Amino acid sequence: MEGVDHLAHERNKAQFDVAVMKAVWAGSRDAYELFHRFSRLVANDPEMFIPAIKAQATEEQQKQWLPLANKMKIIGSYTQTELGHGSNVRGLETTATFDPKTDEFVLNSPTLTATKWWPGGLGKIATHALAHARLIIDDKDYGVHGFLVQLRSLDDHLTLPGITIGDIGMKYGSGAYNTMDNGSLIFDHVRIPRNQMLMRLSQVTREGKYVPSNVPRQLSYGTMVYVRQKIVFDASIALSRAVCISTRYSAVRRQFGSHNGSPETQVIDYKTQQARLFPLLASAYAIRFVSEWLNSFYKDLLQRLEAKDFSTLPEAHACTAGLKSITTSVAADGIEECRKLCGGHGYLTSSGLPELSAVYIPACTYEGDNVVMLLQVARYLMKTISQLKSGNKPVGTTAYLGRAEQLMQYHSDVLRAEDWLKPNVVVEAFEARAARMSMACAQNLSKFNNPEDGFQELSADLVEAATAHCQLIIVSKFIEKLQQDIPGKGVKEQLGVLRSIYALFLLHKHIGDFLSTDCITPKQGYLANEQLRSLYSQVRPNAIALVDAFNYTDHFLSSVLGRYDGNVYPKLYEEAWKDPLNDTSIPDGFHEYVQPMLKQPLHHGRL
Ligand SMILES: CCCCC/C=C\C/C=C\C/C=C\C=C\C(=O)SCCNC(=O)CCNC(=O)[C@H](O)C(C)(C)COP(=O)(O)OP(=O)(O)OC[C@H]1O[C@@H](n2cnc3c(N)ncnc32)[C@H](O)[C@@H]1OP(=O)(O)O
Ligand SMILES: Cc1cc2nc3c(=O)[nH]c(=O)nc-3n(C[C@H](O)[C@H](O)[C@H](O)COP(=O)(O)OP(=O)(O)OC[C@H]3O[C@@H](n4cnc5c(N)ncnc54)[C@H](O)[C@@H]3O)c2cc1C
């Protein structure tokens, strides 16, 4: 019935101040809507083209180009990936050859695989590209640099001479990512003035002399680092949207369990449903908190870079790459699990989940393939361990590796299930697991004469060690978040339950790591699972309130299953009836194709 809150009985169970918990999620909806609304209109303008100009252009170049981009006088595309190379940026083939006679760069796509491929907005709408190309001077290759190239006339939007542009075609499913014109671009000896090479980091003089960067060359990757930390925030929103839908629907849906005419059981009360749903609820909160930490760490990096302090750049790269990888994988898999948690109706477009999944899952690929990103983390961990011998004391997110010797002797002293509720007990177990996995990789690497060969051979183990390291970061930041003052009746307690669910769910899921590294005993692993089940019972009465705290409107969720009022069945039916297929009783083509078959005479009882 309209106007009735079918979930009121659930909301009345809340044991904490929902209004305060909403503060945790403040800003989610508008940031997400802004990005996804805006970026569908104009490439990745707010996310990549403008940040890249800020990161790689001189002050003078910024003065020239940023006002145009900010006022939408030009529409830019971050044009890096090619048909043949995406992950391997140093393998890009597009060339930018300096012509001293005319003081220009000539951009060219020497091979088919040099075709720019995927850049958002490139296909139809972008007027300019921030094109990444190999800088060539006097036949010498100086590697990949950024160049601003006009692609289309600002008068009639037609492509300029030497520029061949197209859209790369439909993408995964009918998802909303098809509103993004990811494009292809071939340069055929396109000339641009020398001052359109972004020269903040390195320069080319009028005489054609290359002036290398006096800062780490990786700063040219800065836009990717910037977006990766934003993607972690994005992951918390995408996952929380799916969890909100599936939690509300799980409280509405009843199936089996009726006795003597009693209502059937709410599926949210099945332990299997809780064991699948509540870790995702906890993960949404965990990713939210680690994204807050990562954003503050990134802002600190920017301040340091301003002061030419590059000390935290390697850690910032490892954290943004690793957390981007872990959180997008959790969110993408979690959205799919939320679809399954809603049974058949989760597969309806009106559930909002197929669309959310189709739009979200490329996050595991763009801005750095998730495995390639974890290998970057592994590289950083192995380097950190290799420097221990020289007395280098790791700090920050690798500080625990400075206690590797001690952690190698660690054994959990958990005796009772409730011991797993102690933050220090959890952190020690996660630190020991991560340290032992990394140390084991380092030990095995040392057996190889060629470290690169070893790295390749052990890359699957290295990815697992990197995963353990990143999960330790997320668990630690959740714990640190709760060490802050958090107002509101019951809020901190509820977040404590979610923190324990997040950590113990990971421990249970990766129990093989904890046992094979001898950090815990099978009995202690059993006790962790016992405690997990008890935690699910504690979170159950607060589940609806915890997803209400996301503060998503029905419009934002665009899901019949996730409606605030839980009035699902009438709305499911109403929504289905909007489908054009239901405009007529007899389907198109019936008379031409089906009816003749039905009218065919039977021959000896057979058609
Ligand atoms: C609500 C808000 C919404 C937020 C937004 C959400 C989503 C929307 C955003 C985007 C989606 C739409 C568009 C997508 C755009 C794109 O995908 S743009 C293209 C992205 N492409 C990539 O990410 C490519 C990935 N590849 C790389 O980054 C590099 O090729 C790679 C790092 C893998 C290798 O680089 P390479 O130069 O070969 O380095 P090495 O592996 O040899 O390492 C050398 C040393 O450099 C260090 N290093 C590498 N990268 C960085 C870095 N970025 N910063 C700092 N340092 C770096 C590396 O650790 C090595 O150091 P040591 O020598 O070991 O000390
Ligand atoms: C929706 C979407 C939007 C995008 N938007 C843009 C954009 O605006 N601008 C832009 O420039 N690009 C964009 N991209 C491209 C994107 O950045 C690349 O696709 C991404 O970086 C992955 O690179 P790749 O395609 O070369 O994957 P590959 O690296 O070819 O991955 C293929 C497989 O190889 C594996 N692999 C690769 N290297 C290694 C290794 N060293 N060790 C182990 N395994 C490895 C990967 O793990 C993966 O399993 C977009 C992509 C998508 C899907």
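Everything quoted here is computed from the prediction, not taken from an experiment.

Caption draft 1: Broad picture of the overall build of the protein. Broken down by element type, the protein carries 21 helices and 11 strands. For the protein, the spread of C-alpha atoms along the principal axes amounts to about 95 × 80 × 60 Å. Burial analysis of the protein (607 residues in total) assigns 53% to the buried set. Residue pairs in contact within the protein that sit at least 24 positions apart in sequence constitute 74% of those at least 6 positions apart.

Caption draft 2: The UniProt feature "domain: Acyl-coenzyme A oxidase N-terminal" (unreviewed entry) in the protein, seen in detail. The positions that UniProt labels "domain: Acyl-coenzyme A oxidase N-terminal" (unreviewed entry) are, in the present scheme, residues 48-75. What you have in residues 48-75 is 71% helix and 0% strand, and the ends, taken at the C-alpha atoms, are 12 Å apart.

Caption draft 3: Expanded view of the site of ligand 1. Close to ligand 1 lie 34 residues, the nearest being Ser87, Arg90, Gln218, Tyr221 and Lys383. The separation between an oxygen atom of ligand 1 and a polar main-chain atom of valine 89 is 3.3 Å. A distance of 2.5 Å is found between an oxygen atom of ligand 1 and a side-chain nitrogen or oxygen belonging to lysine 383. When ligand 1 is considered free in solution it has 1300 Å² of accessible area, and contact with the protein chains removes 87% of it. For the shell around ligand 1, the secondary-structure elements that each account for two or more residues are α3 (28-41), α6 (222-252), α8 (313-341) and α10 (370-386). Looking at the shell around ligand 1, the element that brings in the most residues is α6, giving 7 residues. Here the residues of the shell around ligand 1 are counted per class, giving 16 nonpolar, 9 polar and 9 charged. Of the residues that make up the shell around ligand 1, three or more belong to each of domain 1 (74-215) and domain 2 (222-546).

Caption draft 4: Region of interest: the site of ligand 2. In the vicinity of ligand 2 there are 20 residues, among which Tyr78, Thr81, Ser87, Gly120 and Asp369 approach most closely. Contact between ligand 2 and tyrosine 78: a nitrogen atom at 2.9 Å from a main-chain N or O atom of the residue. At 2.5 Å, a side-chain N or O of serine 87 approaches an oxygen atom of ligand 2. Protein contacts shield 64% of the accessible area of ligand 2, which totals 960 Å² for the unbound molecule. With 3 residues, the single largest contributor to the shell around ligand 2 is α10. Across the shell around ligand 2, the residue classes break down as 9 nonpolar, 9 polar and 2 charged. Counting contributing residues, the shell around ligand 2 receives three or more from each of domain 1 (74-215) and domain 2 (222-546).

Caption draft 5: Representation of the domain arrangement of the protein. Taken domain by domain, the protein holds domain 1 (74-215) and domain 2 (222-546). Distance from the C-alpha centre of domain 1 to the C-alpha centre of domain 2: 37 Å. Facing the 10 residues of domain 1 at the interface are 13 residues of domain 2. Taking both partners together, domain 1 and domain 2 bury about 850 Å²; carbon and sulfur atoms supply 70% of that area. A salt bridge links arginine 200 to glutamate 306; the nearest nitrogen and oxygen atoms lie 3.8 Å apart. Here domain 1 and domain 2 share 0 residue pairs in polar contact (both at pLDDT 80 or more) between them.

Caption draft 6: The arrangement of helix α20 (residues 568-577) in detail. Taken together, the buried positions of α20 are occupied by Val568, Lys571 and Leu572. Buried positions in α20, seen along its axis, are confined to an arc of 105° and lie on one side of it. Along α20, the residues that are exposed and aim more than 90 degrees away from the buried face are Tyr573 and Trp577. The inward-facing, buried residues of α20 contact α6.

Caption draft 7: Geometry of the pairing of strand β2 (residues 95-99). With 4 of 5 residues buried, β2 is to be regarded as a mostly interior element. Examined bridge by bridge, β2 and strand β3 (residues 104-108) share 5 bridges and lie antiparallel to one another. Of the residues in β3, the one forming a bridge with phenylalanine 98 is phenylalanine 105. Counted between consecutive antiparallel strands, the loop separating β2 from β3 contains 4 residues, among which aspartate 103 sits at a positive phi close to 55°. For β2 and strand β5 (residues 128-137), the ladder comprises 3 bridges, and the chain directions are parallel.

Caption draft 8: Spotlight on a nonpolar patch on the surface. A contiguous nonpolar surface patch, about 450 Å² in accessible area, is contributed by Tyr593, Val594, Met597 and Leu598. Here methionine 597 is to be found in helix α21 (residues 590-599).

Caption draft 9: Quick peek at the side chain of serine 283. Residue position: serine 283 is located in helix α7 (residues 271-306). Residue classification places serine 283 among the buried positions, given a relative accessible area of 4%. Setting aside anything within four residues of it in sequence, one finds serine 283 in contact with Leu239, Val330 and Tyr502.

Caption draft 10: Broad picture of the packing of helix α12 (residues 423-445) against helix α14 (residues 459-482). Interaxial distance between α12 and α14 falls to 9 Å at its minimum, and their mutual angle equals 160°. Between α12 and α14, the interaxial angle falls into the category roughly antiparallel. In this structure, the crossing between α12 and α14 has a hand that is left-handed. Residues Pro423, Val426, Val427, Phe430, Glu431, Arg433, Ala434, Met437, Ser438 and Cys441 of α12 lie in contact with α14, whose contacting residues are Asp461, Leu462, Glu464, Ala465, Ala468, His469, Gln471, Leu472, Val475 and Ile479. Here the contact of α12 with α14 is composed, by residue class, of 13 nonpolar, 3 polar and 4 charged.

Caption draft 11: The arrangement of the UniProt feature "domain: Acyl-CoA oxidase C-alpha1" (unreviewed entry) in the protein in detail. What UniProt calls "domain: Acyl-CoA oxidase C-alpha1" (unreviewed entry) maps, in this numbering, to residues 221-382. In residues 221-382, helix accounts for 72% and strand for 0%; the two terminal C-alpha atoms are 21 Å from one another.

Caption draft 12: Representation of the sheet that holds strand β4 (residues 116-117). In space, the 3 strands of this open sheet follow the order β4-β8-β7, with antiparallel pairing throughout. This sheet does not close on itself; its edge strands, each paired only once, are β4 and β7 (163-167). In this structure, β7 lies alongside strand β8 (residues 183-187), joined through 5 bridges in antiparallel fashion. From the neighbouring strand, isoleucine 163 faces β8, where its bridge partner is phenylalanine 187.

Caption draft 13: Examining the pattern of salt bridges more closely. Tallied over the full model, the rule gives 31 salt bridges. Here glutamate 418 ties to arginine 416 by a salt bridge, and the two come within 3.5 Å at their closest N and O atoms. For glutamate 418, a relative accessible area of 38% translates into the label partly exposed. The class of arginine 416 is partly exposed, set by a relative accessible area of 43%. Where salt bridges share partners, they join Asp5, Arg11, Arg248 and Asp548 into one cluster.

Conventions adopted
- Residues numbered from 1 in each chain as written.
- Chains lettered and ligands numbered in written order.
- Predicted model: local features only at pLDDT ≥ 70, side-chain atom pairs only at ≥ 80, totals over all residues.
- Heavy atoms only, no water.
- Helix = DSSP H or I, 4+ residues; strand = E, 2+ residues; numbered from the N terminus.
- Buried < 20%, exposed > 50% of the residue type's maximum accessible area, 1.4 Å probe, protein only.
- Contact = heavy atoms within 4.5 Å.
- UniProt positions renumbered as here; feature names shortened; annotations may be inferred.
- Near = heavy atom within 4 Å.
- Polar contact = N/O pair within 3.5 Å; in protein donor to acceptor, adjacent residues only side chain to side chain.
- Areas by Shrake-Rupley, 256 points an atom, 1.4 Å probe, with all protein chains shown as cover.
- Nonpolar A, V, L, I, M, F, W, Y, C, P; charged D, E, K, R; others polar.
- Domains from an automatic or database assignment.
- Buried area = accessible area lost by both parts, 1.4 Å probe.
- Salt bridge = Lys/Arg side-chain N within 4 Å of Asp/Glu carboxyl O.
- Arc of directions from axis to C-beta.
- Pairing = 2+ DSSP bridges.
- Patch = residues over 30% accessible without salt bridge, like charges linked within 9 Å, V, L, I, M, F, W, Y side chains within 5 Å.
- Axes fitted to C-alpha atoms, helices over the stretch in contact; angles between N-to-C directions.
- Parallel < 35°, antiparallel > 145°, perpendicular 65-115°, else oblique.
- Left-handed = near helix turned anticlockwise from the far one by under 90°.

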